[in-house]
Amino acid sequence: MRDLDIEVLDTTLRDGAQGNGISFSVRDKLAVAEALDELGVAWIEAGNPGSNPKDMEFFRRTASLRLTNARLCAFGPTRKKGVKTTEDKQLRSLLLAQTEAVVIFGKSWDLHVDKVLKAEKKENIAMIAETVAFLKSEGRLVMYDAEHFFDGWAANPAYALSTVNAARDAGADVIVLCDTNGGAFPNAVIAGVKAVREMLPNVKLGIHAHNDSGLALANTIGAVQSGATHVQGTLVGFGERCGNTALAALLPGMELKMGLRCLPDGNLVRISELTRRVAEIANVTINDDMPYIGSYAFSHKAGMHADGILKIKQSFEHVNPAAVGNERHFLVSEVGGRAAIADRIKKIDKTIGKDHPVTAQLSEKIKNLEAEGWSFEGADASFELLVRRELASLKRPASLGGKAAIPRVAYKPLFRIVAYRVMSEHPTGKTLACSHAWVKVLVKGQHEIAAAEGDGPVNALDSALRRALIRFYPGLAKVRLEDYKVRVIDGKDATAAQVRVLIETTDGHRSWSTVGVSADIIDASRSALVDSIEYMLINEK
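Cut-offs applied
Residues numbered from 1 in each chain as written. Predicted model: local features only at pLDDT ≥ 70, side-chain atom pairs only at ≥ 80, totals over all residues. Heavy atoms only, no water. Helix = DSSP H or I, 4+ residues; strand = E, 2+ residues; numbered from the N terminus. Polar contact = N/O pair within 3.5 Å; in protein donor to acceptor, adjacent residues only side chain to side chain. Contact = heavy atoms within 4.5 Å. Buried < 20%, exposed > 50% of the residue type's maximum accessible area, 1.4 Å probe, protein only. Pairing = 2+ DSSP bridges. Right-handed = clockwise from strand over helix to strand, strands pointing away. Axes fitted to C-alpha atoms, helices over the stretch in contact; angles between N-to-C directions. Parallel < 35°, antiparallel > 145°, perpendicular 65-115°, else oblique. Nonpolar A, V, L, I, M, F, W, Y, C, P; charged D, E, K, R; others polar. Salt bridge = Lys/Arg side-chain N within 4 Å of Asp/Glu carboxyl O. Core = buried A, V, L, I, M, F, W, Y, C linked by side-chain atoms within 4.5 Å. 1 Å grid on protein atoms, 1.4 Å probe; cavity = no way out; pocket = protein on both sides within 12 Å on 5 of 7 lines; lining within 4 Å. Points joined across faces, edges and corners; volume = space filled by probe spheres on them.

*Asks:* Sorry, what's going on with the side chain of asparagine 244 here?
*Replies:* Mapped onto the secondary structure, asparagine 244 falls in the loop between β8 (230-233) and α10 (247-256). Reaching out from asparagine 244, the side chain makes a polar contact with the side chain of aspartate 15 at a distance of 3.0 Å. Leave out the neighbours within four places in its chain, and asparagine 244 touches Thr11, Asp15, His208, Ala209, His210, Asn211, Ala216, Gly233, Thr234, Gly237, Phe238 and Gly239.

*Asks:* Explain the pairing of strand β3 (residues 71-77) to me, please; I cannot follow it from the model alone.
*Replies:* Successive side chains on a regular strand alternate, one facing one side of the sheet and the next facing the other. In terms of burial, β3 is a largely internal element, six of the seven residues being buried. Summarising the sheet, strand β2 (residues 43-45) and β3 pair through three bridges and their orientation is parallel. Following the sheet pairing, tryptophan 43 is matched in β3 by arginine 71. With helix α2 (residues 53-61) bridging β2 and the parallel β3, this β-α-β connection has right-handed handedness. As judged from the five bridges shared by β3 and strand β4 (residues 101-107), these two strands associate in the parallel manner.

*Asks:* Help me understand the packing of helix α1 (residues 26-39) against helix α11 (residues 271-282) in this model?
*Replies:* In the contact formed by α1 and α11, the axes pass within 10 Å of each other and the chain directions differ by 170°. The angle between α1 and α11 falls in the class roughly antiparallel. Contacts from Asp28, Ala31, Val32, Ala35, Glu38 and Leu39 in α1 reach Ile271, Leu274, Arg277, Val278 and Ile281 in α11. Residue composition of the contact of α1 with α11, by class: eight nonpolar, no polar and three charged.

*Asks:* When you look at the sheet that holds strand β16 (residues 511-518) in this model, what are you seeing that I'm missing?
*Replies:* The strands that make up a sheet pair up through hydrogen bonds in the backbone, lying either parallel or antiparallel. Strand order in this open sheet of three strands is β14-β15-β16, and the pairing throughout is antiparallel. Among the strands making up the open sheet, the edge pair consists of β14 (480-488) and β16. The average undirected angle you get between the axes of adjacent strands in this sheet is 20°. Sheet analysis places strand β15 (residues 499-506) next to β16, joined by eight bridges and oriented antiparallel. Across the sheet, residue isoleucine 503 finds its bridge partner in β16, namely threonine 514. Set on the sheet, helix α17 (residues 521-540) makes contact with β14, β15 and β16; between it and β16 the angle comes to about 150°.

*Asks:* What exactly am I supposed to notice about the sheet that holds strand β7 (residues 204-209) here?
*Replies:* One closed barrel accounts for eight strands, arranged β1-β2-β3-β4-β5-β6-β7-β8; its pairing is parallel. Going from strand to strand, the sheet's axes swing by 25° on average, the running direction of each strand aside. The sheet contact formed by strand β5 (residues 141-147) and strand β6 (residues 174-179) spans four bridges and is parallel. Directly across from aspartate 145, in β6, lies its bridge partner valine 176.

*Asks:* Any chance you could explain the pattern of salt bridges here in plain terms?
*Replies:* This structure, assessed with the given rule, holds 26 salt bridges. For arginine 270, the salt bridge goes to glutamate 38, with nearest N and O atoms at 2.8 Å. Taken together, the residues span a long stretch of sequence, with arginine 270 in the loop between α10 and α11 and glutamate 38 in helix α1 at a distance of 232 residues. Accessibility expressed as a relative area gives 29% for glutamate 38, which makes it partly exposed. Across the salt bridge formed by glutamate 147 and lysine 107, the nearest N and O atoms sit 2.8 Å from each other.

*Asks:* For this particular structure, what's the right way to read the nonpolar core?
*Replies:* If you look at the biggest cluster of nonpolar residues, it comprises 82 residues, and the most contacted ones within it are Phe58, Phe149, Ile175, Leu177, Leu251 and Ile271. With seven residues, α1 is the largest single contributor of residues to this core. Among residues more than four places away in sequence, those in contact with leucine 251 are Val8, Cys262, Leu263, Leu268 and Ile271. Membership of the second largest hydrophobic core comes to 37 residues, among which are Ala381, Val458, Ala524 and Ile538.

*Asks:* Just checking my understanding: could you explain the layout of surface pockets for this structure?
*Replies:* Leftover empty space is mapped by rolling, across the atoms, a probe with the size of a water molecule. The space that makes up the second largest pocket amounts to roughly 470 Å³. Val236, Gly237, Phe238, Ala246 and Asn287 are the residues nearest the centre of the second largest pocket, which is lined by 27 residues in total. Residues belonging to the lining of the second largest pocket are distributed by class as follows: 13 nonpolar, twelve polar and two charged.

Laid out in structure tokens, this is it:
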């Protein structure tokens, strides 16, 4: 196994925890650390043990972690102004964390030295040097984060360079240049990294970029191209203000395009899976258009694009989606063309190609449905059911004579709603409004009637339908509605307009989306709910 070209430090548990809406429990932090270790990052910046009891408790419990790739490091500031290193409480807490490495941040911008620290410039230099030397004497590997380096270098280059030089002379193992405000442009980052590299040719340089100008990824790549071999970021990208460099978007590019080994061999393929796991723990949503790992990253809608992809993959894809654990998707729409439809049908029946009559008939049907307001590009499950229903019902065209037959895909409705009723109450006072639903279904020749109460009409209908079916299909107990969206298709008809309902459902392991369209929002919801349950039952067999 060859050595890593780039040393990766993930700061999800420290800088990421400073993101808006992020709140990790100790248990969450342990789970995130395990996921990052599975990915294979070199370092996990696990928090500031001197800032809060939760971080110190995490460090106490890290003995339970069995990390195989990553090592933990604690984070904290240089000693306080006027305080000896041996008496500084923050530094003592860093030692109590008992990590192999520590990350220390100090001031590089004279504005902060003068206006925030209110210290003499020489005192700031002493704070940096003495802190690094003290931690080195205690046997720690020291990474020095030069806070606000690029702002400081722009304002007073000589002083900014003197701060990192002091850290190096005191024994710092890594010098990390930080775009703390996230406002630097790539040209400034590249010039700043080159200036430090020229002054300190043998030191390991790192980059820590924030995304306040939308340039964290570009700045990190520019720094690496200029000599940095240590990169910091958060896997998903969340962090202080606009977030940090998203490692999930950075690492694939560096490995696949720049030829730099950032993770152990074979681990890049797990980056989509593990990024989603960390996002789930943090209770945030991965943007669909996130590079490499988003659900849209390898989605193709235009017919010309789909046709090109089917002929030669690199015609419309910059990397192989499988390399990052993602999948290619052909979006079915009126502009998608037969190639996209045929590719989707092949997953159900491999004998059907682009020029098959079934493809032509399905293409025409989809165009007609989309004219009515249906949309299948975000409802894969409903599209699969549409294909199955059509293949089971289409007649063989006369033009085929006796030479070809329409494939018959095993499809039979597993239940049918015979009748349903939904009512909503809106009492006054402190009692909340409530909805009730009643449903009668036919399953395997038997009728079943059920009723349920819900927080709204759709919730009540969903609960009643599941209650009616669960005796026949116990697997429904693990299924839950994950997302529900409503879109008015054409507002000119006001409250009589057609609406499109999109439902996302999960069984805890996978998710699928279904769609329903009607002028009645409850009936549109009923259609999407039925597809959701039927898709799960068909694929459970």
